[in-house]
Amino acid sequence: MSWTPPVHVLLSPITADNQSQIEQIQLKPLFYAAQKEALARAGDDEDDQFFELAKLATGLSVKELDQLKRPDYVSIAQYVHEMSTRPAAYFLEQEGQGEASADPDQVQLLQPLNAGGRSLAALTLEMPVLRATKAMKKLKTAKERAEFITAHCTGLMIPDLDLLTVPDWTQLQVRIDDFLNKPADFFRSATSK
């Protein structure tokens, strides 16, 4: 069972491009690749970034989004912000699906991932070997390094990472950061979450 994004009921209905009335919006999860592309299109302006991500999160056109009353847009922007910054566990707990896994290396995904012909509801993380971290450090950008080491630790191919939701990506980065920066004793202790 996968997480279902919330429905936002509009304070003021808007007119769709097909002239029908939109009274509520089924919000969508943000996916890693789509978010990267939207942020690249938006440039450095934070308002432009939120607008591009709001298009992804709502499925609305620019013309439809421009009709939103400010409070509705603020609600959608808040959802976009949470999608962009919170780990998957946050959303799963909100829906009552997420129990903090006893094993932090078993990561329940917000949305199933179709990778290599398999549908995965969870990923098992492996600590990176030194050879992999050496190879990672030779890559040019932080994004390339993060994608390389995430693929290594999850067993996924780099193109499969694009299919992760942003909260799934965020959840993985927290644990991978532990792998890269914490000493062995951190992982021996029962409280290593």
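Nothing here was measured: the structure is a model prediction, and the numbers come from that model. (Residues numbered from 1 in each chain as written. Predicted model: local features only at pLDDT ≥ 70, side-chain atom pairs only at ≥ 80, totals over all residues. Heavy atoms only, no water.)

Chemist: What is the right way to look at the overall build of the protein chain in this model?
Modeler: The helix and strand inventory of the protein chain stands at 10 helices and four strands. What you see in the protein chain, going N to C, is helices and strands ordered as β-β-α-α-α-α-α-β-β-α-α-α-α-α. Principal-axis analysis of the C-alpha atoms gives the protein chain an extent of 60 × 40 × 30 Å. Across the 193 residues of the protein chain, 40% fall into the buried class. Long-range pairs, those at least 24 residues apart, make up 57% of the contacts in the protein chain with a sequence separation of at least 6. Looking at the protein chain as shown, the accessible area adds up to about 11000 Å², and 53% of this sits on carbon and sulfur atoms. Placing the 20 positive and 27 negative side-chain charges of the protein chain at their respective mean positions leaves the two points 8 Å apart. (Helix = DSSP H or I, 4+ residues; strand = E, 2+ residues; numbered from the N terminus. Buried < 20%, exposed > 50% of the residue type's maximum accessible area, 1.4 Å probe, protein only. Contact = heavy atoms within 4.5 Å. Areas by Shrake-Rupley, 256 points an atom, 1.4 Å probe, with all protein chains shown as cover. Lys, Arg positive; Asp, Glu negative; His and termini not counted. Charge placed at Lys NZ, Arg CZ, Asp CG, Glu CD.)

Chemist: Hey, could you run me through the packing of aromatic side chains in this one?
Modeler: Two aromatic rings are characterised by how far apart their centres lie and by the angle between their planes. Tallied over the entire structure, the rule returns six aromatic pairs. Pairing phenylalanine 179 with phenylalanine 187 gives two aromatic rings, centres 5.8 Å apart and planes at 40 degrees, and the pair type is tilted. An aromatic cluster of at least three residues, connected via ring pairs, comprises Trp3, Tyr90 and Phe91. The ring of phenylalanine 186 has lysine 182 lying over it, and the distance from NZ or CZ to the ring centre is 5.2 Å. (Phe/Tyr/Trp six-rings, centres within 6.5 Å; stacked < 30°, edge-to-face > 60°. Lys NZ or Arg CZ within 6 Å of the ring centre and 35° of its normal.)

Chemist: What's the story with the pairing of strand 2 (residues 21-26) in this structure? I'm lost.
Modeler: Regular strands show a simple pattern: their side chains alternate between the two faces of the sheet. Strand direction decides the pairing type here: strand 1 (residues 7-15) and strand 2, joined by five bridges, are antiparallel. Across the sheet, histidine 8 pairs through a bridge with isoleucine 25, a residue of strand 2. (Pairing = 2+ DSSP bridges.)

Chemist: It is not clear to me how unusual backbone geometry should be interpreted in this structure. Could you clarify?
Modeler: Generally, phi is negative for residues other than glycine and the peptide bonds are trans, each holding for most cases. Although it is not a glycine, glutamine 19 sits at a positive phi angle of roughly 75 degrees. Tracing the chain through its elements places glutamine 19 in the loop between strand 1 and strand 2.

Chemist: What am I meant to see in the side chain of aspartate 178 here?
Modeler: In this fold, aspartate 178 is placed in helix 9 (residues 166-181). Excluding residues within four positions of it along the chain, aspartate 178 makes contact with Phe186 and Phe187.

Chemist: How do you make sense of the pattern of salt bridges when you look at a structure like this?
Modeler: Any two side chains of opposite charge can pair if their charged atoms end up close together. Taken as a whole and judged by the stated rule, the model has seven salt bridges. With its nearest N and O atoms 2.6 Å apart, the salt bridge here joins aspartate 105 to arginine 175. Of this pair, aspartate 105 sits in the loop between helix 5 (88-94) and strand 3 (106-115) while arginine 175 sits in helix 9, placing them 70 residues apart in sequence. On the accessibility criterion, aspartate 105 (15% relative accessible area) is buried. In this structure, the salt-bridge partner of arginine 175 is aspartate 178, at a minimum N-O distance of 3.5 Å. Of the two residues, arginine 175 and aspartate 178 are both situated in helix 9; the distance of three residues between them amounts to about one turn of the helix. Across the pair, exposure class does not vary: arginine 175 and aspartate 178 are buried alike. Overlapping salt bridges bring together Lys36, Glu147 and Asp162 as one network. (Salt bridge = Lys/Arg side-chain N within 4 Å of Asp/Glu carboxyl O.)

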